[in-house]
Amino acid sequence: MPEASISDLWIRRVYTGRGDVTLEVEVYTEGGYGRAAAPAGASRGKYEVRYLPDGGIEEALSNFEKLVAPELLGMDAAEQAAVDMRLAEIDGTEDFSRIGGAAAIATSMAVARAAATALGMPLYYHLGGALARNVPYPLGNVIGGGKHSRGLGPDVQEILVVPVGADDIYTALDINVRIHRDVLSEILKTDPSFTGGKNDEGAWTPRVSSETALKIVQSVAKAVQREVGAEVRIGVDMAASSLWDGEKYVYRNEGVARGVREQLEYVKALIDRYDLYYVEDPFHEEDFNSFAELCDMYEDRLIVGDDLFVTNAERISIGARMGAATGVIIKPDQRGTLTGAYEAARMAVSRGLTPIASHRSGDTEYELLAHVAVGFGTPIIKAGIMGGERTAKLNELLRIWDDLGRAARMARLR
Ligand code: 2PG
Ligand code: MG
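Per-chain numbering applies: the sequence of each chain, read as written, is numbered from 1 onward. Each chain gets a letter, beginning with A, and each ligand a number, beginning with 1, in the order they are written. Selection of residues for local features in this predicted model requires a pLDDT of at least 70, selection of side-chain atom pairs for listing and counting requires 80 or more, and totals for whole chains, interfaces and linings are taken over all residues. Values shown for side chains rest on all heavy atoms present in the structure; no hydrogens or waters enter the calculation.

Peer 1: Sorry if this is basic, but what is going on with the coordination of the magnesium ion (ligand 2) here?
Peer 2: Octahedral six-donor coordination of a metal ideally yields angles of 90 or 180 degrees, compared with 109.5 degrees for tetrahedral four-donor coordination. Counted as coordinating are nitrogen, oxygen and sulfur atoms within 2.8 Å of the metal, or 3.2 Å for Na, K and Ca, while water is not included, which may make sites look incomplete. Surrounding the magnesium ion (ligand 2) are the protein donor atoms Asp 237 (OD), Glu 280 (OE) and Asp 306 (OD), at 2.0 to 2.2 Å. Summarised as a motif, the one-chain spacing of the donors to the magnesium ion (ligand 2) is D-x42-E-x25-D. With Asp 237 in strand 7 (residues 233-237) and Asp 306 in the loop between strand 11 (302-305) and helix 9 (313-322), the pair connects residues that are 69 residues apart, well separated along the chain. Among the residues examined, Asp 237 registers a relative accessible area of 1% and is labelled buried. Numbering of helices and strands runs from the N terminus; a helix is a DSSP stretch of H or I covering at least four residues, while a strand is a stretch of E covering at least two. Only protein chains enter the calculation, and the probe is 1.4 Å; a residue is then buried if its accessible area is under 20% of its type maximum, exposed if over 50%, and partly exposed in between.

Written out as structure tokens, the structure is:
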């Protein structure tokens with residue numbers, strides 16, 4: 001019998017930090033134990049795997065007990081690819097619509113965790129081996145809008161910062177926390193009645209325009225950069241599929257609707273005006289062409305596909321051929337298995353694109369994403385700045401840094 005032979009599995013419903021019902025899976029092996037839960041998105045891509053089967057959480061629970069658990073018993077948890085392939089076979093659909101993506105990714109991650117404990121190694125090492133020693137730069141959102149603020153805040157979903165000049169993860173996190181804190185004081189200067197409200201990802205949610213939000217974050221980032229002496233860059237997630245109504249991009253707060261060309265001009269203006277380093281989903285999830293046009297002009301920036309690629313190696317390969325992006329969001333739950341997410345990250349790297357491991361807006365207290373980022377070698381991790389589900393992952397990066405000891409170093413950015 002293999003050392004990490006799966007001897008028992010358990011599933012239960014649990015909740016994300018936002019209150020979405022999700023699934024948590026426990027995996028017991030001869031010498032190990034692992035537990036993981038699926039996060040849940042709000043601005044989901046059309047081509048993501050299906051989160052739950054049609055019958056909802058009840059059907060996901062019963063399918064797990066009837067179909068999944070009996071099939072995985074006795075499998076070697078250390079053979080992640082074989083377990084993940086079995087999950088796909090049991091499901092039998094293209095998009096995990098039978099067992100549900102939530103059950104699939106929770107199982108896949110719990111299996112990885114169980115294997116790592118059975119083998120007596122840190123999870124990042126189990127996932128990435130001896131090459132897993134680069135710690136990612138934390139990309140965190142400071143001000144939130146779009147769907148994440150009920151359409152009442154800035155139209156742009158996320159205004160983000162990344163401390164690209166930090167020499168170690170302690171400094172990197174310190175910079176992000178300072179920016180988050182100081183941005184509140186700046187918001188209060190613009191709107192003294194702001195209550196200090198934060199969204200699901202812990203980003204402030206003032207009722208200001210996208211450009212006001214960008215100006216605030218830009219000025220605070222510059223001030224903190226001067227204070228700490230390490231370069232900080234800013235970025236946005238436009239989550240443009242959420243703005244797109246089929247014909248135009250509708251900016252509710254601004255009271256403007258932009259056509260395809262106008263959207264391109266607007267994104268260019270934002271990049272130039274705020275010297276954006278990172279631009280996620282500037283166009284809707286079908287528009288590879290506009291992505292390619294933008295990329296052509298800004299090869300030195302991270303033009304990143306999230307809903308565009310949905311952590312799917314095939315879509316990444318199409319996008320890479322068209323020159324549609326320089327970066328790719330890796331959300332394991334979008335794909336349903338760790339192996340699928342790993343293949344997506346490998347595809348990105350092999351085509352010269354930067355992979356970015358990412359949380360979801362409805363996330364859990366699990367820290368696993370930090371191990372995925374280090375194990376898969378993504379140079380950036382997008383995991384917010386504030387709130388327990390966010391700091392769970394960020395604090396784990398500090399532990400991984402310490403665990404790596406003298407081998408630890410910050411990842412290399414493009
Ligand atoms: C995104 C994510 C995370 P959601 O769009 O990148 O910030 O949001 O999980 O709601 O899809
Ligand atoms: Mg996104």
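Here the narrative resumes, following the displayed structure.
Peer 1: Would you mind going over the domain arrangement of the chain with me for this structure?
Peer 2: Size of an interface: often given as the accessible area lost when the parts come together. Domain start and stop points were drawn from an automatic or database domain assignment. Here the domain parsing of the chain yields domain 1 (6-120) and domain 2 (128-410). If you average the C-alpha positions of domain 1 and of domain 2, the two centres end up 26 Å apart. Between domain 1 and domain 2, the contact holds 33 residues from the first and 28 residues from the second. Here domain 1 and domain 2 share an interface that buries about 2500 Å² over both sides, 53% of which is from carbon and sulfur atoms. A pair is scored as a salt bridge if a Lys or Arg side-chain nitrogen falls within 4 Å of a carboxyl oxygen belonging to Asp or Glu. Inspection of the region where domain 1 meets domain 2 yields four salt bridges. Whenever a nitrogen or oxygen atom comes within 3.5 Å of another N or O atom, the pair is scored as a polar contact, on the condition that within protein one atom can donate a hydrogen and the other can accept it, and that pairs from neighbouring residues in sequence are kept only if both atoms are in side chains. Viewed at the interface, domain 2 and domain 1 are joined by 18 residue pairs in polar contact (both at pLDDT 80 or more). Looking at the side of domain 1 that touches domain 2, the elements that each hand over two or more residues are strand 2 (21-29), strand 3 (33-37), helix 2 (80-91) and helix 3 (101-119). Taken together, the residues of the side of domain 1 that touches domain 2 sort by class into 15 nonpolar, nine polar and nine charged. Residue contacts are defined here by distance: any two heavy atoms, one from each residue, within 4.5 Å place the two residues in contact. Buried area is a sum: the accessible area each of two parts loses on coming together, probed at 1.4 Å, counted once for each and added. Gly falls in the polar group here, along with every residue not listed as nonpolar (Ala, Val, Leu, Ile, Met, Phe, Trp, Tyr, Cys, Pro) or charged (Asp, Glu, Lys, Arg).

Peer 1: In this structure, what is going on with the nonpolar core? I would like to understand it.
Peer 2: Generally speaking, soluble globular proteins have nonpolar side chains that are buried together. Put simply, a nonpolar core is a bunch of buried Ala, Val, Leu, Ile, Met, Phe, Trp, Tyr and Cys residues held in one set by side-chain atoms that sit within 4.5 Å of each other. Core analysis: the largest hydrophobic core is formed by 138 residues, its most contacted members being Val 142, Ile 143, Ile 169, Ile 179, Val 183, Leu 276 and Tyr 278. Tallying contributions element by element places helix 3 first for this core, with 13 residues. When residues of this core are sorted by domain, at least three fall in each of domain 1 (6-120) and domain 2 (128-410). When near neighbours in sequence (up to four residues on either side) are disregarded, Tyr 278 contacts Leu 139, Leu 160, Ile 234, Gly 235, Val 236, Leu 302, Val 304, Ile 329, Ile 356 and Lys 382.

Peer 1: Please explain the side chain of Gln 218 as it appears in this structure.
Peer 2: Here Gln 218 lies in helix 6 (residues 210-228). Apart from residues no more than four positions distant in its own chain, Gln 218 is found in contact with Ile 234, Arg 273 and Tyr 274.

Peer 1: I'm lost on the pattern of salt bridges in this one. Help?
Peer 2: Per the counting criterion, the structure on display carries 32 salt bridges. Residue Asp 306 is joined to Lys 331 by a salt bridge in which the shortest nitrogen-to-oxygen separation is 2.7 Å. Taken together, the residues span a long stretch of sequence, with Asp 306 in the loop between strand 11 and helix 9 and Lys 331 in the loop between strand 12 (327-330) and helix 10 (332-335) at a distance of 25 residues. You can call Asp 306 buried: its relative accessible area is 3%.

Peer 1: How should I be thinking about the pairing of strand 3 in this particular structure?
Peer 2: Remark: a regular strand shows side chains that alternate across the two faces of the sheet. Here strand 2 pairs with strand 3 via five bridges, running antiparallel. Across the sheet, the residue bridging to Tyr 28 is Tyr 33, located in strand 3. Hairpin connection from strand 2 to strand 3: three residues lie between these consecutive antiparallel strands. Any two strands with at least two DSSP bridges between them are considered paired.

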